Amino acid sequence: MIVRFANDQVVTIQRTSKPIKAWILIAAVLMLLGALLATLDVVIHFAYPDRMGALLIAGATVFTIGFVVLLAARFMAWWKHG
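Thresholds, definitions, all that
Residues numbered from 1 in each chain as written. Predicted model: local features only at pLDDT ≥ 70, side-chain atom pairs only at ≥ 80, totals over all residues. Heavy atoms only, no water. Patch = residues over 30% accessible without salt bridge, like charges linked within 9 Å, V, L, I, M, F, W, Y side chains within 5 Å. Areas by Shrake-Rupley, 256 points an atom, 1.4 Å probe, with all protein chains shown as cover. Salt bridge = Lys/Arg side-chain N within 4 Å of Asp/Glu carboxyl O. Helix = DSSP H or I, 4+ residues; strand = E, 2+ residues; numbered from the N terminus. Buried < 20%, exposed > 50% of the residue type's maximum accessible area, 1.4 Å probe, protein only. Contact = heavy atoms within 4.5 Å. Phe/Tyr/Trp six-rings, centres within 6.5 Å; stacked < 30°, edge-to-face > 60°. Expected span 1.5 Å × (residues − 1).

K.L.:
For this particular structure, what's the right way to read a nonpolar patch on the surface?
P.N.:
A cluster of nonpolar side chains, contributed by Trp23, Ile26 and Met76, occupies part of the molecular surface with about 280 Å² of accessible area. Note that Met76 resides in helix α2 (residues 54-81). Given a relative accessible area of 38%, Met76 falls into the partly exposed group.

Written out as structure tokens, the structure is:
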């Protein structure tokens, strides 16, 4: 979106609202946390091979939830702002 002021100064602003950007940030944090949990499980698995892998499952779940939130936020941004 381009806004033109009275003195012919042109300023370009983004149209995505702050709540949608907040949801995108939440999704990014969830995806990062999920990736870190999964990586931690892989590292622990090398030290303790008999470990079950609960962190890997939790990390994959958190990452998937973050990805779904990201898709929903991007859809909301598209729906609201075209």
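K.L.:
Sorry, what's going on with the side chain of Asp41 here?
P.N.:
Checked against the element boundaries, Asp41 lands in helix α1 (residues 18-47). On the accessibility criterion, Asp41 (5% relative accessible area) is buried. Once residues within four sequence positions are removed from consideration, Asp41 is found in contact with Arg51, Gly53, Ala54, Leu55 and Leu56.

K.L.:
Before we go on, may I ask you to explain the packing of aromatic side chains in this structure?
P.N.:
Any aromatic ring pair is given by two values, namely how distant the centres are and how the planes are angled relative to each other. Tallying each qualifying case throughout the model produces three aromatic pairs. Relative to Trp78, the ring of Phe75 has its centre 5.6 Å away and its plane inclined at 40°; by these criteria the two rings are tilted. Of this pair, Phe75 and Trp78 both sit in helix α2, three residues apart, roughly one helical turn. According to the relative accessible area criterion, Phe75 is partly exposed, its value standing at 46%. One aromatic cluster is present, built from ring pairs that chain together Phe75, Trp78 and Trp79.

K.L.:
I tried to follow α1 on my own but got confused; where do I start?
P.N.:
Note: α-helices contain 3.6 residues per turn, so residues at a spacing of three or four share the same orientation. Between the first and last C-alpha of α1 there are 44 Å, a value that for 30 residues agrees with the 44 Å anticipated at 1.5 Å per step. Restricting attention to buried positions, one finds in α1 the residues Ile20, Ala27, Met31, Gly34, Ala38 and Asp41. Taken together, the buried residues of α1 touch α2.

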